[in-house]
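# Understanding the architecture of this molecule
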Amino acid sequence: MSKSKIIKGTFILTITGLTTKLLGFINRIYLTRIIGIKELGIYQMIFPLYILCISICTQGISTIISKQISFYNGKKQYENATKCFAISTIFSIFLSIFTYIFIFILSKPISIYVLKVTKCQKLITTICISLPFISIKACINSYLVANNKPLYSGLSQLIEQISRILIIYFLSFNSYHNTLDSSLAVTGVLCGEIIATIFSIFIYLYYVIFKNKFTSYEKKANNKYNLSFTYLSKNIVHDFIPLTTNNLSLTLFSAAETMFLPSMLNMFYKDSSLSIKLFGTISGIVIPFLLFPATIISSLSTILLPSLSYEYAKGNTEKIYKLFNKIVYFSCFLGVVAWFTYLLFGKSICFFTFKSITAGALLSKMSFICPLIYLSYILTTIENSINKISNAMLFNLISIFIRIFVLIFLVPKLGLNAYILGMAFAYFTLCISLYISINNSLYKKY
């Protein structure tokens, strides 16, 4: 992929991503004011479990679709690319159905014994209905991005967010305020995902089948190496295991954080209500602000993965190495800008948006982690694109173990300061490990 296409694709996904994030903040502000921070905290308690289910069903598969299609396109084996998409989509849908059944059966014990909030059972079973829809949408969007059509992926995200907001506003305006709780947010998520999936299916049917935009092979297509479905399935499973293990590990920690952070904070502060509110503030306000500029990095990662896989298939290691250094500098620059912005204006931003002084103080205190978070995102993408998936998994696991250790052993004694420093040290370790691994791999060939 040319430099202009990378910039164009990143720009498109960044604009749609930032718009989606802005709408999400508006929606979050509205939810906070009509259901309260405590109900928002309950909603945030089930969300990591929801993300965990998505990790099982789609995150690894989405990366595989982008990587494999770009790889085979680079070799002009377009039929193999199409087969990979079909196999991956069927596999993802199957996983989503299986995961929903599993979660439905365990929703009650999870709510009672793990989350310790009984009303979470209904929230979990409702929000997880969206899993098959998310699988279909994610596979189609990854396919479109791999074929240099990122606009439709961005529009799908935007439509999902707009639909979610409209559903929440409609339901809130037609209900009594004293009956509104976290179920309102869950209903909005479910409806938004269904509508966005319908849009993605329509785009796929129109542009792929009727317009035949992406399935028409070039005249010089290399059809001598058409691979069997069995062989391609084995390759997909081979990549799926480490990718999904990596994603699951990250998501499992988020789930563990959700389950244990309030109780660990309670051991320090001796106040359960305060602990839940602090958790709701961090997960519902501070973290989304920290990750807001990362939309640019996320968009760049989405475009880079198929691009780098394409170049790797062609053996252009020199081009990858040069691009790698430029991306690292850009990620660090963006992270430093976010750091000083939140450090100087974090309190004002949070008070203006959420009327929360506590959130502003925490945002300013945690702002120094931004460069490490953004850099870890892009380095993980590069590591995956050059077939170092196992290394990425190992380094992320080490980072997670550091955070778990701090959460269990230091947070009950030192409180939030230990949590913040532990997160920073874990991201620092991850970035250093990834950078050394990528630099060594590319430099040897370069």
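Residues numbered from 1 in each chain as written. Predicted model: local features only at pLDDT ≥ 70, side-chain atom pairs only at ≥ 80, totals over all residues. Heavy atoms only, no water.

### Considerations on the overall build of the chain
Put simply, the rule reads: The numbering of helices and of strands both runs from the N terminus, where a helix is a DSSP run of H or I of at least 4 residues and a strand a run of E of at least 2. Our radius of gyration looks at C-alpha atoms and nothing else; its globule reference is 2.2 Å times the residue count to the power 0.38. Throughout this description, buried means an accessible area under 20% of the type-specific maximum (1.4 Å probe, protein chains only), exposed means over 50%, and partly exposed covers the range between. In this analysis, two residues are considered to be in contact whenever any of their non-hydrogen atoms come within 4.5 Å of each other. The protein chains shown are the only cover counted for residues, whose accessible areas, like all others here, come from Shrake-Rupley with a 1.4 Å probe. Charge convention: Lys and Arg are scored as positive, Asp and Glu as negative, and His as well as the terminal groups of each chain are ignored. One atom stands in for each charge, and that atom is NZ of Lys, CZ of Arg, CG of Asp or CD of Glu.
The number of helices and strands found in the chain is 15 helices and 0 strands. Against the 2.2 N^0.38 benchmark of 22 Å for 446 residues, the chain shows a C-alpha radius of gyration of 22 Å, consistent with a compact globule. Dimensions of the chain, computed from C-alpha atoms along their principal axes, come out at roughly 70 × 45 × 35 Å. The burial tally for the chain puts 55% of its 446 residues in the buried class. Within the chain, residue pairs in contact and separated by at least 24 positions form 84% of the contacts whose partners lie at least 6 positions apart. When the accessible surface of the chain is split by element, carbon and sulfur atoms take 69% of a total near 20200 Å². Treating the 38 positive side-chain charges of the chain as one cloud and the 12 negative ones as another, the clouds have centres 4 Å apart.

### A short note on the nonpolar core
Heads up, the condition is: For our purposes a nonpolar core is just a set of buried Ala, Val, Leu, Ile, Met, Phe, Trp, Tyr and Cys residues, chained together by side-chain atoms within 4.5 Å.
Ile-124, Leu-379, Val-411 and Tyr-419 are the most contacted members of the largest nonpolar core, which has 89 residues in total. No other element matches helix α1 (residues 3–74), which puts 16 residues into this core. Membership of the second largest hydrophobic core comes to 25 residues, among which are Ile-64, Cys-139, Ile-140 and Phe-240.

### Some details on a nonpolar patch on the surface
Quick note on the threshold: Surface patches are drawn from residues lacking salt bridges whose relative accessible area is over 30%; two like charges belong together within 9 Å, two nonpolar side chains (Val, Leu, Ile, Met, Phe, Trp, Tyr) within 5 Å. We define a salt bridge as a contact between a side-chain nitrogen of Lys or Arg and a carboxyl oxygen of Asp or Glu at a distance within 4 Å.
Together, Phe-94, Ile-97, Phe-98, Ile-101, Phe-102, Phe-104, Ile-105 and Leu-106 make up an exposed nonpolar region whose accessible area comes to about 840 Å². By secondary structure assignment, the location of Ile-105 is in helix α2 (residues 78–114).

### Some words on the packing of aromatic side chains
Two aromatic rings, taken as a pair, are described by how far apart their centres are and by the angle between their planes. Filter applied, for reference: Within 6.5 Å between ring centres, the rings of Phe, Tyr and Trp (the latter by its six-membered ring) count as paired, and their orientation is classed by plane angle as stacked under 30 degrees, edge-to-face over 60, tilted in between. By the criterion adopted, a ring carries a charge over it if an Arg CZ or a Lys NZ lies within 6 Å of its centre and within 35 degrees of its normal.
A full pass over the atoms with the stated rule returns 13 aromatic pairs. Residues Phe-289 and Tyr-342 carry aromatic rings whose centres are separated by 6.4 Å and whose planes lie at 70 degrees to one another, so their mutual orientation is edge-to-face. Taken together, the residues Phe-289 in helix α8 (residues 272–291) and Tyr-342 in helix α10 (residues 317–354) connect sequence positions 53 residues apart. Here Phe-289 and Tyr-342 have matching classes, each one buried. Three or more aromatic residues joined by ring pairs make a cluster, and in this case those are Tyr-43, Phe-47 and Tyr-50. Note that Lys-83 overlies the ring of Phe-229, its terminal NZ or CZ placed 5.3 Å from the centroid. Residue placement shows Lys-355 over the ring face of Phe-351; its charged tip is 5.6 Å from the ring centre.

### Focus: the environment of Tyr-169
With respect to the helices and strands, the residue Tyr-169 is situated in helix α5 (residues 150–173). Tyr-169 sits 83 residues away from Leu-252 along the chain, and the two C-alpha atoms are 32 Å apart. Once you skip the residues sitting within four places of it in the chain, Tyr-169 turns out to touch Ile-26, Asn-27 and Tyr-30.

### What about the pattern of salt bridges?
The tally for this structure, following the rule as stated, stands at 4 salt bridges. Ionic pairing is found between Lys-67 and Asp-239, a salt bridge with its closest N-O pair at 3.6 Å. You can see Lys-67 sitting in helix α1 and its partner Asp-239 sitting in helix α7 (residues 229–269), a full 172 residues away along the chain. The class of Lys-67 is buried, set by a relative accessible area of 9%. For Asp-239, a relative accessible area of 10% puts it in the buried group. Salt-bridge contacts for Glu-79 lead to Lys-83; the nearest nitrogen and oxygen are separated by 3.9 Å. Remark: Lys-83 and Glu-79 occur in helix α2; sequence separation between them is 4 residues, near one turn of the helix. Residue class for Glu-79 comes out partly exposed when judged on its relative accessible area of 26%.

### A look at the side chain of Ser-111
How we decide: Polar contacts, as counted here, are pairs of nitrogen or oxygen atoms within 3.5 Å of one another; within protein the pair requires one atom able to donate a hydrogen and one able to accept it, and residues that are adjacent in sequence qualify only if both atoms are side-chain atoms.
Within the secondary structure, Ser-111 is located in helix α2. Of note is the side chain of Ser-111, whose polar atom sits 2.7 Å from the backbone oxygen of Ser-107. In contact with Ser-111, not counting residues within four places along its chain, are Lys-116, Val-117, Thr-118, Cys-120, Gln-121 and Ile-124.

### Considering the packing of α2 against helix α4 (residues 131–146)
A packed helix pair is summarised by two numbers, namely the angle formed by the two axes and the spacing between the axes. Defined as follows: Between N-to-C directions, angles cover 0 to 180 degrees, with each direction set by a line fitted to C-alpha atoms, over the stretch in contact for helices. Orientation is classified from the angle alone, with under 35 degrees giving roughly parallel, over 145 giving roughly antiparallel, 65 to 115 giving roughly perpendicular, and any other angle giving oblique. Throughout, a crossing is termed right-handed when the near helix is turned clockwise from the far one, and left-handed when it is turned anticlockwise from it by less than a right angle.
Their axes nearest at 8 Å, the elements α2 and α4 cross at an angle of 160 degrees. When the axis of α2 is compared with that of α4, the two are roughly antiparallel. Where α2 crosses over α4, the two elements pack in a sense that is right-handed. Of the residues in α4, those touching α2 at Thr-82, Phe-85, Ser-88, Thr-89, Ser-92, Ile-93, Ser-96, Ile-97, Thr-99 and Tyr-100 are Leu-131, Pro-132, Ser-135, Ile-136, Cys-139, Ile-140 and Tyr-143.

### Some points on the environment of Asn-440
Position of Asn-440 relative to the elements: it lies in helix α15 (residues 416–445). Taking the relative accessible area as the measure of exposure, Asn-440 reaches 38% and is therefore partly exposed. Placed 429 residues apart in sequence, Asn-440 and Phe-11 show a C-alpha to C-alpha distance of 30 Å.

### Considerations on unusual backbone geometry
Apart from glycine, the bulk of residues carry a negative phi angle, and the bulk of peptide bonds sit in the trans form. The phi dihedral of Lys-270 is positive, around 60 degrees, even though this residue is not glycine. Among the secondary structure elements, Lys-270 is positioned in the loop between α7 and α8. Under the relative-accessibility criterion, Lys-270 is labelled exposed at 69%.

### Considerations on the confidence of the model for the chain
Rules: pLDDT gives the predictor's per-residue confidence on a scale running from 0 to 100.
On average, the chain scores 83 in pLDDT, and the residues at 70 or more come to 90%. Considering each helix and strand of the chain separately, the mean pLDDT is smallest for helix α9 (residues 294–314), with a value of 74, and largest for helix α11 (residues 357–366), with 93. Note on residues 214–219: pLDDT is under 50 here. Beyond four places in sequence and across chains, it has 13 contacts.

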